[in-house]
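Remarks on the overall topology
Below, each chain spelled out in residue letters.
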Amino acid sequence: MEDKTYAILGCGSMGTAILAGMVKGHVKAEKIKVTAKRTESAAALAKKFHVTAYSTDYQPNANALAVEGAQIVLLAVKPAYITQVLDEIKHVLSEDALVISVAAGVTTATMEQFVSSKVSVVRAMPNTPALINKGLTGISAGSRVSADQLKLAQELFDGVGKTIVIPEEKIDALSTISGSGPAYVFYFIEEFIKTSIAMGFTQEEAYLLVSETFAGASDLLVSSQKDPADLRRQVTSPNGTTMRAVAVLEEGNLHELFLKATNSALARAKEIAQEMK
C-alpha cells in the first residue's frame, strides 16, 4: 500500500478521516492528491497533511488533476455526483486503476459503465466512527476486481477501523445497519438525555450519565464477546426495576420498529440506485 499513488476526490469529513488513516499508516504525503470544494478547505488539507490539494471551486479540472497518475482513486463525493465525477476523470484514469466509492446506493455496475473496461471498481460503506478510528466498513468488489486489489481496499479502510468483505447484494442492507447505525444510537441518546432531564438532572449531568452509560455498555459488549441478551439479563434482576422498564419497552415492539426503520432506509438506497441508472 505504501508504494501506491492515491487520489481522494471530495475530501470532506469521511475523506479526511481516511486520509488521516493513510498518513498514519505510513503512506507518504507526496503520493497523495486530494480535492475539496472550497479553496480554504484545500489549503487546510495541504497544510495539515502535506498533500497536494486542489479546489473544485477554483479549478474546474481539479478532479482530473488529482487523478492523473493515481493507482487508487477514492470517490468521497455525494451519490448524486458520482457519475458526473467519473465522467470528468475517465480520460485520465490509469488503465490499471482501482476506483473505490463510498457513495450509498451507486452500484459497481453503474460505475463500471463510466470507466475503461480495465478499470476496477469497489464499493465501500464506512461509518462516521471512522473519524476516531473506530469505524466499520463494508467492502464489495465489482466484476473486475482482483484478490490483490480487494486486499488494497481492505488495507485502506483498516486505517480507520475494521472491515468486512461482503457480496454487493448485501451492501445496501449493511448501510442501514452500520452506516446509518450511529444515527440510531445518537437518537436513542438524545431521547435518554431528555428523559434524564425530565427526572430532575441538569443538562450536564444528564449528558454525563447517558453518554458514559452507552460508552461503557458498548465497551463491555465488545470486551466480553457475550450475547447482548445475556448481558441484559445480568442487569435485569427478577421482579426488579430494570425488569419493569424492559417490559414497557417490549410493549412498544421495538423489534418491529427497527425492521420498519431499516427497511425504509433500504428502500431509499434502492431508489438511489435506480436514479443513477
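The preceding data block contains the structure.
My aim in this report is to walk through the structure given alongside it, one point at a time. (Residues numbered from 1 in each chain as written. Predicted model: local features only at pLDDT ≥ 70, side-chain atom pairs only at ≥ 80, totals over all residues. Heavy atoms only, no water.)

Considerations on the pairing of strand 1 (residues 6–9)
Going residue by residue along strand 1, you find Tyr6 and Ile8 tucked away on one face and Ala7 and Leu9 tucked away on the opposite face as well. Bridge analysis of strand 1 against strand 2 (residues 32–36) gives 4 bridges, and the strand direction is parallel. Across the sheet, tyrosine 6 pairs through a bridge with isoleucine 32, a residue of strand 2. After leaving strand 1, the chain enters helix 1 (residues 13–24) and then returns to the sheet as strand 2, a path that is right-handed. With 4 bridges joining them, strand 1 and strand 4 (residues 72–75) adopt parallel strand pairing. If you follow alanine 7 over to strand 4, its bridge partner there is valine 73. (Buried < 20%, exposed > 50% of the residue type's maximum accessible area, 1.4 Å probe, protein only. Helix = DSSP H or I, 4+ residues; strand = E, 2+ residues; numbered from the N terminus. Pairing = 2+ DSSP bridges. Right-handed = clockwise from strand over helix to strand, strands pointing away.)

Quick look at the pattern of salt bridges
For side chains of opposite charge, pairing can occur when their charged atoms come near one another. Inspection of every chain in the model, using the stated rule, returns 9 salt bridges. A salt bridge links arginine 38 to glutamate 40, with the nearest nitrogen and oxygen atoms 3.7 Å apart. With relative accessibility at 44%, the residue arginine 38 sits in the partly exposed group. A relative accessible area of 51% means that glutamate 40 is categorised as exposed. Residue glutamate 191 is joined to lysine 194 by a salt bridge in which the shortest nitrogen-to-oxygen separation is 3.3 Å. Pair noted here: glutamate 191 and lysine 194 are both in helix 8 (residues 181–198), with a separation of 3 residues, about one helical turn. (Salt bridge = Lys/Arg side-chain N within 4 Å of Asp/Glu carboxyl O.)

Examining the pairing of strand 6 (residues 120–125)
Burial runs high along strand 6: 6 of the 6 residues are buried. Side chains of strand 6 alternate between two faces, with Ser120, Val122 and Ala124 and Val121, Arg123 and Met125 buried alike. Two elements, strand 5 (residues 98–101) and strand 6, share 4 bridges in a ladder whose sense is parallel. Bridge assignment links leucine 98 to a residue of strand 6, and that residue is serine 120.

Brief notes about the nonpolar core
If you look at soluble globular proteins, the nonpolar side chains tend to sit buried side by side. Ranked by size, the top nonpolar core spans 33 residues in total, and within it Leu19, Met22, Ile32, Val34, Ile100 and Phe157 carry the most contacts. Of all elements in the fold, only strand 1, helix 1, strand 2, helix 2 (39–49), strand 4, strand 5, strand 6 and helix 6 (147–158) reach the threshold of two or more residues within this core. Among the elements that make up this core, the one with the highest residue count is helix 6 (5 residues). Excluding anything up to four places from it in sequence, valine 34 contacts Ile8, Cys11, Leu19, Leu45, Val51, Thr52, Ala53 and Tyr54. Counting 27 residues, the second-largest nonpolar core is a separate cluster that includes Ile82, Leu86, Val115 and Val119. (Core = buried A, V, L, I, M, F, W, Y, C linked by side-chain atoms within 4.5 Å. Contact = heavy atoms within 4.5 Å.)

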